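Results of the structural survey
Here are the chains, one letter per residue:
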Amino acid sequence: MTEAEHPIAWLALDKGTPVYTCDGEEIGKVTTVVADVQKDIFSGISFKHGFLGSEHFVPAAAVGELTDQGVHLTLSAQQAQDLERHPG
């Protein structure tokens, strides 16, 4: 997270928000926030690599920070490639 970024709650996370690996690589955009709103439980996100790429699921445990500028994962770019596909 840079000084220009501000932390946000998962409820404020928008579709299309960039997703970054821990090594700073943008790997896609948020397609879905996976959560139970009524129980206030954040389970993770799904994101898509590019326009025609497949969707992948990132569990909440691998999400380091949510900011107004992006989702910052605790995974490297290599680890992110191994994420399970998300039916979307």
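In this report, we go over the structure that sits alongside the text. Note that the structure is a prediction, hence the values are computed from the model and not measured.

Focus: the nonpolar core
Within the largest apolar cluster, 17 residues are counted, with the highest numbers of intra-cluster contacts made by Val19, Ile45, Val58, Val63, Val71 and Leu73. Of all the secondary-structure elements, those providing two or more residues to this core are β2 (26-36), β3 (41-48), β5 (63-66) and β6 (71-73). Among all residues touching valine 71, those that are not within four sequence positions of it are Leu13, Thr17, Pro18, Val19, Tyr20, Val30, Ile45, Val63, Glu65 and Leu66.

What about the pairing of strand β4 (residues 55-59)?
Across the 5 residues that make up β4, a large majority, 4, are buried. Across 5 bridges, β3 lies against β4 in antiparallel orientation. Following the sheet pairing, phenylalanine 47 is matched in β4 by histidine 56.

Brief notes about the environment of leucine 83
Take leucine 83: it is sitting in the segment after α1 (77-81). Sequence spacing of leucine 83 and glutamate 55 is 28 residues, and the spatial spacing of their C-alpha atoms is 9.6 Å. Leucine 83 has contacts with Phe47, His56, Phe57, Val58 and Leu75, leaving out every residue within four places of it along the chain.

Here we look at the environment of aspartate 68
Looking at the element boundaries, aspartate 68 is found in the loop between β5 and β6. Each C-alpha atom, one on aspartate 68 and one on lysine 39, is 23 Å from the other, the two residues being 29 residues apart in sequence. Among all residues touching aspartate 68, those that are not within four sequence positions of it are Ala4, Glu5, His6 and Ile8. Looking at aspartate 68, its side chain comes within polar contact range of the main-chain nitrogen of histidine 6, at 2.9 Å.

Here we look at unusual backbone geometry
Even without being glycine, aspartate 40 reaches a positive phi, approximately 55 degrees. Residue placement: aspartate 40 occurs in the loop between β2 and β3.

Points about the pairing of β2
Relative to β2, strand β1 (residues 18-20) runs antiparallel, the two being bridged by 3 bridges. What sits directly across from valine 19, in β2, is glycine 28. What sits between the antiparallel neighbours β1 and β2 is a turn of 5 residues, in which glycine 24 has the positive phi angle 85 degrees. Sheet topology note: the β2/β3 ladder contains 7 bridges and is antiparallel.

Conventions we followed
Residues numbered from 1 in each chain as written. Predicted model: local features only at pLDDT ≥ 70, side-chain atom pairs only at ≥ 80, totals over all residues. Heavy atoms only, no water. Core = buried A, V, L, I, M, F, W, Y, C linked by side-chain atoms within 4.5 Å. Buried < 20%, exposed > 50% of the residue type's maximum accessible area, 1.4 Å probe, protein only. Helix = DSSP H or I, 4+ residues; strand = E, 2+ residues; numbered from the N terminus. Contact = heavy atoms within 4.5 Å. Pairing = 2+ DSSP bridges. Polar contact = N/O pair within 3.5 Å; in protein donor to acceptor, adjacent residues only side chain to side chain.

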